[in-house]
Amino acid sequence: MAGRINDDDVKAVRDAVPIDSVVSEYLQLRSAGGGNLKGLCPFHDEKSPSFQVSPGKGLFHCFGCQEGGDTIAFVMKIDHLSFSETVERLAAKAGITLRYEEGGYNPSHQRGERIRLIEAHQAAADFYVRALESPEAEIGRKFLAERGFDQDAATHFRVGYSPAGWDHLTRYLRGKGFSDKELITSGLSQDGRRGPIDRFRGRLMWPISDTAGDIVGFGARKLRDDDNGPKYLNTPETPIYKKSQVLYGIDLAKKDIAKSSRAVVVEGYTDVMACHLAGVTTAIATCGTAFGNDHIKILRRLLMDNGSARVIFTFDGDSAGQKAALRAFEDDQKFAAETYIAIAPDGMDPCDLRLAKGDDAVRDLVEPRTPLFEFALRQIVGRYDLETPAGRAAALDEAAAVVAKIKTSSVQREVAVQLAGFVGILDQEFVVRRVAQLARWARDKGGEKGGRGGPQDRRGGAPQHSAQAVQAPAAPSGPALNLRSPAHRTERELLKLALQKPALVSPAFDAYGADEFTAPPYAAVRQCIAEAGGAERGLGDNREYLVAVMDAAPNNTVRSLVTELAVEVFMGRTIDETYAGMQLVHVRLRAVDRRIDEVQGSLARLGSNVAPDDLAAAQNEVWVLQQYAQSLRAKGADAL
């Protein structure tokens, strides 16, 4: 076994890979003020961005679901990697050679499973690309040429060819040091009578990458008539490939999708190629499955769901394409973006359209024209004879049930009015009432229990909501945080200062005990700071200090609160020594007042039963504390 990764190398990886560049591979980030960035959280579904990234501190935190941490924690969470796998992956990105405490350089066969599977796919992609140049692959090159794709296009999209023999790739990857178990697990090979054989043989190959750009699977197109397999064969479900969670071309399109707030969803690999080559560089496609919830989440994080966002679906004009459009409409409301449908004349797909009419026709095709809801409703209504009352009634019943699923009442009403026009019913209000009635029935049957996203108090901002939510877990125990409480507000500000601007509160802060924080979660964070070396440690390398504080957290609940406080904006406008001194004084003064109350309360309960020496000591303590409190009120931070 290779040993533990050297601590200095882990730190070097943290410092070398900016957190915003890593997070930007998965979602669009925009300025949140104060040097922070914000975006839609990749770890839970949300309509407005509560996910924040602090490049200066190297931290992220979601005020909605409480996930937080540094660059390593983000990659571990989003790609389901172990700590060592994550460090190895980021080190490779940064060009850092890792040292191991026991055994020196880590040999390849000891690397984490995900990294090994991705490396196998990368090696396979290189193998397939080279194979496309072989004489045997002439049929594949001809296929591409007939569809308007030259060598440059094949190179750009890394299209390759899988040789027709039984185990060409398997033997190649074995020679690269991959085990039979890894080849089977990756889906690149499958069990044969005498051992592993190639899964893909004699086919044109498209590599499928995840959002981060790692190749996780392949799509393979049949080329020969004697191939008895399906027209398209995809990688099976593996630890790194889930067809419902990948979009072909997303690695190439994600920057332009985020920049233009527009995405074009097409049906096949060659359609993606045709669109990109025609200048529609926001085109992506699903991989052997219908466009669904997980695909929507990927796009929403890139689009940020702002008011100008557009998603354009292109479907064949045949019945299968119409069914795909109706399925997409059912998920339409999960976008805040406006959705449209584009169907080429004569039902051509983008690849055929480019061949027949050129690049301009492809660009023109995806210009938004028909809203998806309008297309879907017209498809429903078109199945009925609208010349008869019975036909109009039946069309209304089916279409109204679809419109009733629209959650936003104003949008629901607007679409209901348009539905009246589609069906030919002059009384628009009748249709509006019918749709509203169906919506109520659906709610009464339990269609909407407890709201869509849980309680969210937006009046106090995301930090108030998140502070209360962080108390839900069992540890640390105690009353829920209440930011309307002056004590809790001040304690929170002081901890934020200790984490974000330690120079303003050090060394005074380090003399504060955990018992001076009335909220148990805040007391836990105070203890973490102490165990990390105190706020004074933050005067040096602030990132290293924050990592040490997080490492000292006893559980994920406290660790999440640390990252939250480390990125949250301050309540005051001017954050200086005066502001910091006020927080220090308020927290200390309340602690002194509480102690005075405790001692006087104990004396009152004991009454005449207290020993004279104990009484004198208690009275002296109260007098000293009262003098200290008076000094704090009069002199402020100078009395600390």
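Residues numbered from 1 in each chain as written. Predicted model: local features only at pLDDT ≥ 70, side-chain atom pairs only at ≥ 80, totals over all residues. Heavy atoms only, no water.

1. Describing the nonpolar core
Here is a general trend for soluble globular proteins: nonpolar side chains tend to be buried in one another's company.
Link 1 in the chain: Residues Leu144, Val159, Leu204, Trp206, Tyr248 and Met273 are the most contacted members of the largest nonpolar core, which totals 45 residues.
Link 2 in the chain: The element that contributes the greatest number of residues to this core is helix 11 (residues 269-277), accounting for 5 residues.
Link 3 in the chain: With 39 residues, the next largest nonpolar core counts Leu495, Ala524, Ala553 and Val562 among its residues. (Core = buried A, V, L, I, M, F, W, Y, C linked by side-chain atoms within 4.5 Å. Buried < 20%, exposed > 50% of the residue type's maximum accessible area, 1.4 Å probe, protein only. Helix = DSSP H or I, 4+ residues; strand = E, 2+ residues; numbered from the N terminus.)

2. Observations regarding empty space enclosed by the protein
Link 1 in the chain: Under the definition given, this model contains 2 cavities of 30 Å³ or more.
Link 2 in the chain: In this structure, the second largest cavity spans a volume of roughly 50 Å³.
Link 3 in the chain: The wall of the second largest cavity is formed by Val22, Glu25, Tyr26, Val75, Asp79, Arg89, Leu90 and Lys93.
Link 4 in the chain: Breaking the lining of the second largest cavity down by element, the ones donating at least two residues are helix 3 (71-79) and helix 4 (83-94).
Link 5 in the chain: A per-element tally of the lining of the second largest cavity places helix 4 first, with 3 residues. (1 Å grid on protein atoms, 1.4 Å probe; cavity = no way out; pocket = protein on both sides within 12 Å on 5 of 7 lines; lining within 4 Å. Points joined across faces, edges and corners; volume = space filled by probe spheres on them.)

3. Section: the packing of aromatic side chains
Link 1 in the chain: A complete count under the given rule lists 16 aromatic pairs for this structure.
Link 2 in the chain: Seen from their ring centres, phenylalanine 43 and phenylalanine 60 are 6.2 Å apart, and the 50° between their planes marks the pair as tilted. Placement of phenylalanine 43 in the loop between strand 2 (36-39) and strand 3 (51-54) and of phenylalanine 60 in strand 4 (residues 59-62) is noted, with a sequence separation of 17 residues between them.
Link 3 in the chain: The exposure class assigned to phenylalanine 60 is buried, which follows from its relative accessible area of 1%.
Link 4 in the chain: A connected cluster of aromatic rings, assembled from ring pairs, spans Tyr26, Phe43, Phe51, Phe60 and Phe74.
Link 5 in the chain: One residue, arginine 147, lies across the ring of phenylalanine 143, its end atom 3.6 Å from the ring centre.
Link 6 in the chain: It is arginine 588 that lies over the ring of tyrosine 512; its NZ or CZ is 4.0 Å from the centre. (Phe/Tyr/Trp six-rings, centres within 6.5 Å; stacked < 30°, edge-to-face > 60°. Lys NZ or Arg CZ within 6 Å of the ring centre and 35° of its normal.)

4. Observations regarding unusual backbone geometry
Link 1 in the chain: At the junction of serine 506 and proline 507, the peptide bond is cis and its omega measures out at 10° in the coordinates.
Link 2 in the chain: With respect to the helices and strands, proline 507 occurs in the loop between helix 22 (502-505) and helix 23 (520-531).
Link 3 in the chain: Its identity as a non-glycine residue notwithstanding, glutamine 66 has a phi of 75°, on the positive side.
Link 4 in the chain: Tracing the backbone shows glutamine 66 in the loop between strand 4 and strand 5 (68-70).

5. With respect to the sheet that holds strand 11 (residues 232-234)
Link 1 in the chain: An order of 6-9-10-11 is seen for the 4 strands of this open sheet, with the pairing classed as antiparallel. At either end of the open sheet lies a strand with only one pairing partner, and these are strand 6 (160-162) and strand 11. Across this sheet, the average inter-strand angle for adjacent strands is 35°, counted without regard to direction.
Link 2 in the chain: Here strand 6 runs beside strand 9 (residues 203-209); their pairing, made up of 3 bridges, is antiparallel. Within the sheet, the bridge partner assigned to tyrosine 161 lies in strand 9 and is leucine 204.
Link 3 in the chain: Against the sheet, helix 5 (residues 113-131) engages strand 6, strand 9 and strand 10 (215-222), with an angle of about 35° to strand 10. (Pairing = 2+ DSSP bridges. Axes fitted to C-alpha atoms, helices over the stretch in contact; angles between N-to-C directions. Contact = heavy atoms within 4.5 Å.)

6. Overview of the packing of helix 16 (residues 372-381) against helix 18 (residues 409-423)
Link 1 in the chain: Two numbers describe how helix 16 lies on helix 18: the axes approach to 10 Å, and their chain directions differ by 40°. Here helix 16 lies oblique to helix 18, going by the angle between them. Seen along the crossing, helix 16 lies across helix 18 with a hand that is right-handed. Contacts between helix 16 and helix 18 involve Phe373, Glu374, Leu377, Arg378 and Val381 from the first element and Val415, Gln418, Leu419, Phe422 and Val423 from the second.
Link 2 in the chain: Class assignment for the residues of the contact of helix 16 with helix 18 results in 7 nonpolar, 1 polar and 2 charged. (Parallel < 35°, antiparallel > 145°, perpendicular 65-115°, else oblique. Left-handed = near helix turned anticlockwise from the far one by under 90°. Nonpolar A, V, L, I, M, F, W, Y, C, P; charged D, E, K, R; others polar.)

7. With respect to the confidence of the model for the chain
Link 1 in the chain: Per-residue confidence for the chain averages 84 on the pLDDT scale, and 87% of its residues sit at or above 70.
Link 2 in the chain: In the predicted structure, residues 104-110 sits below a pLDDT of 50 and forms 12 contacts with residues beyond four places in sequence or in another chain.
Link 3 in the chain: Confidence over residues 447-480 falls short of pLDDT 50; this stretch has 51 contacts with residues more than four positions distant or in other chains. (pLDDT = per-residue confidence, 0-100.)

8. Remarks on the environment of valine 547
Link 1 in the chain: Looking at the element boundaries, valine 547 is found in helix 24 (residues 542-551).
Link 2 in the chain: Here valine 547 falls in the buried class, since its relative accessible area comes to 12%.
Link 3 in the chain: Taking the C-alpha atoms as reference, valine 547 lies 9.9 Å from valine 562; in sequence the two are 15 residues apart.

9. Looking at the packing of helix 5 against helix 8 (residues 168-175)
Link 1 in the chain: Packing of helix 5 against helix 8 leaves a shortest axis separation of 10 Å and a crossing angle of 125°. Comparing their axes, helix 8 and helix 5 come out oblique. In this structure, helix 5 meets helix 8 at a crossing whose hand is right-handed. In this structure, helix 5 uses Ala120, Ala123, Ala124, Phe127, Tyr128 and Arg130 to contact helix 8, whose residues at the interface are His168, Leu169, Tyr172 and Leu173.
Link 2 in the chain: Taken together, the residues of the contact of helix 5 with helix 8 break down into 8 nonpolar, 1 polar and 1 charged.

10. A few points about the sheet that holds strand 1 (residues 30-33)
Link 1 in the chain: Strand order in the open sheet formed by 5 strands is 1-2-3-4-5, and the pairing between neighbours is antiparallel. The outermost strands of the open sheet, each flanked by one partner alone, are strand 1 and strand 5. Put simply, the sheet's adjacent strands are angled 25° from each other on average, direction ignored.

11. With respect to the pattern of salt bridges
Link 1 in the chain: Under the defined criterion, the tally for this structure stands at 32 salt bridges.
Link 2 in the chain: Across the pair glutamate 146 and arginine 147 runs a salt bridge, and its minimum N-O distance is 3.8 Å.
Link 3 in the chain: A relative accessible area of 47% places glutamate 146 in the partly exposed class.
Link 4 in the chain: Judged by its relative accessible area of 24%, arginine 147 falls in the partly exposed class.
Link 5 in the chain: Residue arginine 595 is joined to glutamate 598 by a salt bridge in which the shortest nitrogen-to-oxygen separation is 3.3 Å. Taken together, the residues span about one helical turn, with arginine 595 and glutamate 598 both in helix 26 (residues 577-606) at a distance of 3 residues.
Link 6 in the chain: Overall, the relative accessible area of 45% leaves glutamate 598 in the partly exposed class.
Link 7 in the chain: Connected through shared salt-bridge partners, Arg492, Glu493, Lys496, Glu564 and Glu568 make up one network. (Salt bridge = Lys/Arg side-chain N within 4 Å of Asp/Glu carboxyl O.)

12. Side note on the state of the cysteines
Link 1 in the chain: Counted under the stated rule, the structure contains 0 disulfides.
Link 2 in the chain: Here cysteine 275 is not disulfide-linked; the sulfur of cysteine 351 is the nearest cysteine sulfur, at 9.4 Å. (Disulfide = S-S within 2.5 Å.)

13. Thoughts on the side chain of glutamate 491
Link 1 in the chain: Tracing the backbone through its elements, the reader meets glutamate 491 in helix 21 (residues 486-500).
Link 2 in the chain: Look at glutamate 491: it is buried, it has no salt bridge, and the nearest opposite charge is arginine 594 at 4.8 Å.
Link 3 in the chain: Of the polar contacts made by the side chain of glutamate 491, one reaches the side chain of threonine 518; its length is 2.7 Å.
Link 4 in the chain: Each residue touching glutamate 491, except ones within four places of it in the same chain, is listed here: Glu516, Phe517, Thr518, Ala519, Tyr522 and Val587. (Lys, Arg positive; Asp, Glu negative; His and termini not counted. Polar contact = N/O pair within 3.5 Å; in protein donor to acceptor, adjacent residues only side chain to side chain.)

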